[in-house]
Amino acid sequence: MTTTKLNWGILGAARINQRLMPAIIEASNSKLVAVASRRPGAAADTLAQYGNGQTDVKTYDDPDLLLQDPDIQAVYLPMANGEHAYWALRAIAQGKHVLCEKPLALTVADIEAIQQAAAKHNVKVMEGFMYRFHPQHQRVKEIIDSGIIGKVRCVRSCFSFMMKPARLYRLEKDIANGGGAMWDIGCYAIHTLRMFFEQLPQSALSVAKYIDSGADIGQSGVLDYGDGRFAQFEFSFEHARRAEYEVIGTKGGLKCHNVWHFPGVDEALVSWWTEDGQNELEKQPEVNHFILEIEHFSDCVLNDKNPALSLEDAKDNCRTITAILESAKTGQRVQL
């Protein structure tokens, strides 16, 4: 436990505050100072709904007022996907450290602009893939590093849930403006696959279903990493809930059963098997990866450490996604 805490502001009243606001409040090294939204009263309503009874948190109906608040050191940015880069740059210009909900931006050029601005203003920026802070993924790495499943040859990921009326706003914009399944849940599918390969894929091939707005509602495809190594992905707003990945090696395989694990809602499970008959199902720790994410980023700021998820990683994820989107649009394999 630490006695030093990072002062946080939340820049937006998005639904994800149901998880992130309590995480900022409960993390050992963070303090929620303010919440802002452009919708009159929305910041106060969100605080009342998810703020665990906090009474000393300021609320603003203008995000720029939050960014100008000298008490705030870091901001969490959960606005609409197409607005992430704009508001990240505004926050950085005010000297705020930024944890931005995925995706950090919709283009590599925007991420590069964020990277340059962060260096200029000496602030930390990280893309918010909270799942990476759950220890179940460290356990996956340990199994692979042990050699028990052999060399990794194929990885498969599946992320999906049935779209509910309250979430239809995610489909109102076209892909170029941050709408659709790829920027919402597909980026998880691609990010998890990339954990197991040290370089960009050589090419991407994908098929998609689109709706009238120009948003994709689901995609399925493959990334070619060369030498017969493939990464297969599927994500959809028309499938039952899944958040899982599977790794197949030369001697066996493993599966992470619930990447979106949340304590009290479901179990965190990792299973593995080998061709010589070993078969294990391991229950992983019941921990809140949102809190672990906040504690990690706060520690990076307070102790001048590099975030675990670098801006180079963000650019590579965006490069890969861009190639997949181009493939789905043209019906052709796209080289990276």
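As a reminder, the structure under discussion sits directly above these lines.
Attention here is on the structure that accompanies the text. This one's a predicted model, so the numbers in the text were calculated from it and none came from an experiment.

1. As for the pairing of strand β8 (residues 203-210)
Two faces, one strand: in a regular strand the side chains alternate between the faces of the sheet.
Thought 1: Both β8 and strand β9 (residues 216-224) contribute to a ladder of eight bridges, which runs antiparallel. When the bridges of β9 are listed, Ala204 appears paired with Leu223.
Thought 2: Between β8 and β9, which follow one another and run antiparallel, lie five residues, and Gly214 among them has a positive phi close to 95°.
Thought 3: Alignment of β8 against strand β15 (residues 334-335), held across two bridges, turns out to be antiparallel. Bridge pairing in β15 places Ser203 opposite Gln335.

2. With respect to helix α6 (residues 136-146)
Thought 1: Of all the residues in α6, the buried ones are Gln136, His137, Val140, Ile143 and Ile144. Seen along its axis, α6 keeps its buried residues to an arc of 110°; they face one direction. For α6, exposure combined with an orientation more than 90 degrees from the buried face picks out Asp145 and Ser146.
Thought 2: Residues of α6 that are buried sit in contact with β7 (152-160), β11 (242-249), β12 (252-256), β13 (269-274) and β14 (279-283).

3. Side note on the pattern of salt bridges
Once their charged atoms are close, side chains differing in charge can pair, the charge on each being opposite to the other.
Thought 1: Applying the stated criterion across every chain, the model contains 21 salt bridges.
Thought 2: For Glu244, the salt bridge goes to Lys255, with nearest N and O atoms at 3.7 Å. Within this pair, whereas Glu244 is found in strand β11, its partner Lys255 is found in strand β12, the two being separated by 11 residues in sequence.
Thought 3: Looking at Glu244, the relative accessible area reads 18%, which means it is buried.
Thought 4: Judged by its relative accessible area of 25%, Lys255 falls in the partly exposed class.
Thought 5: In this structure, Lys305 engages Asp299 in a salt bridge whose closest nitrogen and oxygen atoms are separated by 2.8 Å.
Thought 6: For Lys305, a relative accessible area of 39% translates into the label partly exposed.

4. A short note on the sheet that holds strand β4 (residues 74-77)
Paired through their backbone hydrogen bonds, the strands of a sheet run either parallel or antiparallel.
Thought 1: If you trace the six strands from one edge of the open sheet to the other, you get β3-β2-β1-β4-β5-β6, paired in parallel fashion. Each edge of the open sheet carries a strand with a single partner, namely β3 (58-60) and β6 (125-128). Pairwise comparison of adjacent strand axes, ignoring direction, gives a mean angle of 25° for this sheet.
Thought 2: Taken together, the three bridges between strand β2 (residues 30-36) and β3 define a ladder with parallel strand orientation. Counterpart to Val35 in the pairing with β3 is Thr59.
Thought 3: Seen against the sheet, helix α1 (residues 17-26) touches β1 (6-11), β2 and β4 and runs at an angle of roughly 140° to β2.

5. Structural notes on helix α8 (residues 289-302)
Thought 1: The first and last C-alpha atoms of α8 sit 20 Å apart over 14 residues, in line with the 20 Å expected at 1.5 Å per residue.
Thought 2: By the criterion of burial, α8 is predominantly enclosed, with 10 of the 14 residues buried.
Thought 3: Regarding α8, the residues found buried are His289, Phe290, Ile291, Glu293, Ile294, His296, Phe297, Ser298, Cys300 and Val301.
Thought 4: Lining the buried residues of α8 we find β1, α1, β2, β5 (97-101) and β6.
Thought 5: Put simply, Asn288 is the residue that caps the front of α8, since its side-chain oxygen is 2.8 Å from the backbone nitrogen of Phe290.

6. What about the environment of Ala268?
Thought 1: Mapped onto the elements of the fold, Ala268 is located in the loop between β12 and β13.
Thought 2: Discounting residues that sit within four places of it in the chain, Ala268 has contacts with His134, Gln136, His261, Glu282, Lys283, Gln284, Pro285 and Glu286.

7. What to know about the sheet that holds β15
Thought 1: Taken together, nine strands build an open sheet; the order of strands is β14-β13-β12-β11-β7-β10-β9-β8-β15 and the sheet is mixed. Both edges of this open sheet fall to β14 and β15, since each of them pairs with a single strand only.
Thought 2: Taken together, the four bridges between β11 and β12 define a ladder with antiparallel strand orientation. Bridge pairing in β12 places Val247 opposite Leu254.
Thought 3: Here α6 sits on the sheet in contact with β7, β11, β12, β13 and β14, set at roughly 10° to β13.

8. Things to note about the packing of helix α7 (residues 181-194) against helix α9 (residues 311-330)
Thought 1: Running from N to C, α7 and α9 cross one another at 115°; their axes reach a closest spacing of 10 Å. In terms of axis orientation, α7 runs roughly perpendicular to α9. Classified by chirality, the crossing of α9 by α7 is right-handed. Taken together, the residues of α9 that come into contact with α7 (itself represented by Met182, Trp183, Cys187, Ile190, His191 and Arg194) are Asp313, Asp316, Asn317, Cys318, Thr320, Ile321, Ile324 and Leu325.
Thought 2: Residue classes in the contact of α7 with α9 are distributed as eight nonpolar, three polar and three charged.

Cut-offs used in this document
- Residues numbered from 1 in each chain as written.
- Predicted model: local features only at pLDDT ≥ 70, side-chain atom pairs only at ≥ 80, totals over all residues.
- Heavy atoms only, no water.
- Pairing = 2+ DSSP bridges.
- Helix = DSSP H or I, 4+ residues; strand = E, 2+ residues; numbered from the N terminus.
- Buried < 20%, exposed > 50% of the residue type's maximum accessible area, 1.4 Å probe, protein only.
- Arc of directions from axis to C-beta.
- Contact = heavy atoms within 4.5 Å.
- Salt bridge = Lys/Arg side-chain N within 4 Å of Asp/Glu carboxyl O.
- Axes fitted to C-alpha atoms, helices over the stretch in contact; angles between N-to-C directions.
- Expected span 1.5 Å × (residues − 1).
- Polar contact = N/O pair within 3.5 Å; in protein donor to acceptor, adjacent residues only side chain to side chain.
- Parallel < 35°, antiparallel > 145°, perpendicular 65-115°, else oblique.
- Left-handed = near helix turned anticlockwise from the far one by under 90°.
- Nonpolar A, V, L, I, M, F, W, Y, C, P; charged D, E, K, R; others polar.

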